[in-house]
Amino acid sequence: MTVTAVAHPNIALIKYWGKQPLPGNVPATPSVSITLDSLTSTTTVSASDTDQIFLNGEATQDAKITACLEMMRAEFRISSVKIESENNFPTAAGLASSASGFAALITALNTFSDLDLSIQRRTVYARKASGSAARSIYGGFASLGGPDWIGRPVLERSEWPLKVVIAITDENRKSVSSSLGMKTSEETSPYFDAWVSSTAEDYAAALEAIEARDFERLAILSEASCLKMHGVMQSSLPAMIYWRPATLSCIHAVRDLRRDGTPVFFTIDAGPQVKAVCLPESVEKVEAVLGNIPGVIATHTVGLGEGARLLES
Ligand code: DP6
């Protein structure tokens, strides 16, 4: 039997950065995200004599996928499998391929191995594999918060159909993985504790802003969460400076646009790309402004996507 699942990356508006000292990859901060459309991870699981992993057609010994299989096998009977995963966007360049990849893998394994997991339990296993993957189980707006650290749906994509203009400023693979980066921040950033203690309030306020469709409020909260997280990254030892010069130019351009009345805000994950979140009527203007910034290689405009799902063969 062969099972294929697809999932999309998500971008956090209130960020997850840092882990609690507990088993099961429990985040130190609650997060809220939007799942994107167009960018897709497609993962196929099939029977095999030994475990084999292929990423974008190339055989690999991916440590996180191997760890994910081990974690699932500690609880379930899962035979040897061949896992083939394809991304239609750059892997590990700050476009959250681990979120979509693990959301698709857990969804495919659930059916392949007859695990019969509820959607909430799928978010838990996705989170154990990679925290942000819990949120890609859902489409639209999703959250991951305590005390149970289960992923939850917040709004359907049709309920507030925002757009995201992604400005690509560097296509190289990022040098520091999120897991290692978080550990470095936990151990060395003097701001880490303040980051963790201040995020609960941001999270609650962002959920309210989303519920009220209050774009301006969500813009302020999202940019603040992004800059606080990057402040923690940049104050870690060694410092993680993910931005390229064009990343900073995009930040200024987005702030200028909003000051002049265009509803748009930026967010940036552990990479150099800028995601400008806007209302549909502002897409053309945002694309034109960001596309003209020296160092911006390309822009891609996407909408909000569906959650992880099986692909009918
Ligand atoms: C900056 O989910 O990739 O994108 O749990 O260690 O796999 P692991 O980390 P991961 O970290 C995502 C960090 C982030 C912010 C976010 O998506 O909330």
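Relevant structure appears above.
If you're wondering where the values come from, they're calculated on a predicted model, not measured in any experiment. The numbering scheme is per chain: residues are counted from 1 as the chain's sequence reads. Per-residue local features are limited, in this predicted model, to residues with pLDDT of at least 70; the limit for side-chain atom pairs, both in listing and counting, is 80 or more; totals at the level of whole chains, interfaces and linings are taken over all residues. Only heavy atoms go into the side-chain values, all of them from the structure, while hydrogens and water stay out.

1. Here's the deal with the packing of helix H1 (residues 63-73) against helix H2 (residues 97-112)
Turning to step 1, where the next piece is worked out: Contact pair H1 / H2: the axes reach a minimum separation of 12 Å and the direction vectors enclose 35 degrees. Here H1 runs over H2; the crossing is right-handed. Listed contacts from H2 to Lys64, Ile65, Cys68, Leu69 and Met72 of H1 are Phe102, Leu105, Ile106 and Leu109.
Turning to step 2, where the next piece is worked out: Charged means Asp, Glu, Lys or Arg here, nonpolar means Ala, Val, Leu, Ile, Met, Phe, Trp, Tyr, Cys or Pro, and polar covers whatever is left, Gly included. The residue makeup of the contact of H1 with H2, split by class, is eight nonpolar, no polar and one charged. Whenever a helix is involved, its axis is fitted only over the stretch in contact; in every case the axis is a line through C-alpha atoms, and angles between N-to-C directions fall within 0 to 180 degrees. Secondary structure is summarised from DSSP: a helix means a run of H or I of at least four residues, a strand means a run of E of at least two, and numbering begins at the N terminus for each. By convention the crossing between two helices is left-handed if the near helix lies anticlockwise of the far one by an angle smaller than a right angle, and right-handed if it lies clockwise. Only heavy atoms enter the contact rule, under which two residues are in contact if any of them lie within 4.5 Å.

2. Description of the sheet that holds strand S2 (residues 10-14)
Turning to step 1, where the next piece is worked out: Strand pairing requires that DSSP identify at least two bridges connecting the strands. The antiparallel open sheet is built from four strands, whose spatial order is S2-S3-S8-S9. Sheet topology places S2 and strand S9 (150-155) at the edges, where each strand pairs with a single neighbour. Strand-to-strand twist in this sheet, taken as the mean axis angle between neighbours without regard to direction, amounts to 30 degrees.
Turning to step 2, where the next piece is worked out: Pairing of strand S3 (residues 31-35) with strand S8 (residues 141-145) involves four bridges; the strand directions are antiparallel. The residue of S8 that forms the bridge with Ser33 is Ala142.
Turning to step 3, where the next piece is worked out: Strands S2 and S8 of the sheet are contacted by helix H7 (residues 215-234), whose axis makes an angle of about 100 degrees with S2.

3. Regarding the nonpolar core
Turning to step 1, where the next piece is worked out: Among buried residues, those of type Ala, Val, Leu, Ile, Met, Phe, Trp, Tyr and Cys that are joined through side-chain atoms within 4.5 Å constitute a nonpolar core. Note on exposure labels: buried denotes an accessible area under 20% of the residue type's maximum, exposed denotes more than 50%, and partly exposed covers the range between, all computed with a 1.4 Å probe on protein chains only. In this structure, Trp17, Val286 and Leu290 are the most contacted members of the largest nonpolar core, which totals 33 residues.
Turning to step 2, where the next piece is worked out: Those elements that provide at least two residues to this core are strand S10 (163-168), helix H6 (192-211), H7, helix H8 (245-259), strand S11 (264-267), strand S12 (274-278) and helix H9 (283-291).
Turning to step 3, where the next piece is worked out: Per-element tally for this core: the top contributor is H8, with six residues.
Turning to step 4, where the next piece is worked out: Counting 30 residues, the second largest nonpolar core, distinct from the first, contains Ile53, Ile83, Leu105 and Ala133.

4. Looking at the sheet that holds S10
Turning to step 1, where the next piece is worked out: Across the sheet, four strands lie side by side as S11-S12-S10-S13; this open sheet has antiparallel pairing. Where the open sheet ends on each side, the last strands, each with one partner, are S11 and strand S13 (298-302). Here the strands of the sheet are splayed against their neighbours by 25 degrees on average, with no regard to which way each runs.
Turning to step 2, where the next piece is worked out: As paired strands, S10 and S13 are joined by five bridges and run antiparallel to one another. By the bridge assignment, Ile168 is partnered in S13 with Ala298.
Turning to step 3, where the next piece is worked out: Across the sheet, H8 lies against S10, S11 and S12, angled at about 155 degrees from S11, the strand it touches most.
Turning to step 4, where the next piece is worked out: Against the sheet, H9 makes contact with S10, S11, S12 and S13, and its axis sits at roughly 10 degrees relative to S10, the strand it touches most.

5. Some thoughts on the site of the ligand
Turning to step 1, where the next piece is worked out: Nearness here has a simple test: a residue counts as near a molecule or strand if at least one of its heavy atoms is within 4 Å of that partner. In the vicinity of the ligand lie 18 residues, with Tyr16, Lys19, Lys64, Ser132 and Ser179 positioned nearest.
Turning to step 2, where the next piece is worked out: The side chain of Ser98 places a nitrogen or oxygen atom 3.5 Å from an oxygen atom of the ligand.
Turning to step 3, where the next piece is worked out: Methods summary: accessible areas were calculated by the Shrake-Rupley approach with a probe of 1.4 Å, and residue burial reflects only the protein chains presented. Surface burial for the ligand is 94%, taken as the share of its 460 Å² of free accessible area covered by protein chains.
Turning to step 4, where the next piece is worked out: Among the elements that line the shell around the ligand, the one with the most residues is helix H5 (residues 178-188), at three residues.
Turning to step 5, where the next piece is worked out: In the shell around the ligand, the residues fall into six nonpolar, seven polar and five charged. Any N or O atom pair separated by 3.5 Å or less is treated as a polar contact, with the protein-specific requirement of one donor-capable and one acceptor-capable atom, and with residues adjacent in sequence counted only for side-chain atom pairs.

These results come straight from atomic positions and should not be treated as a statement about function.
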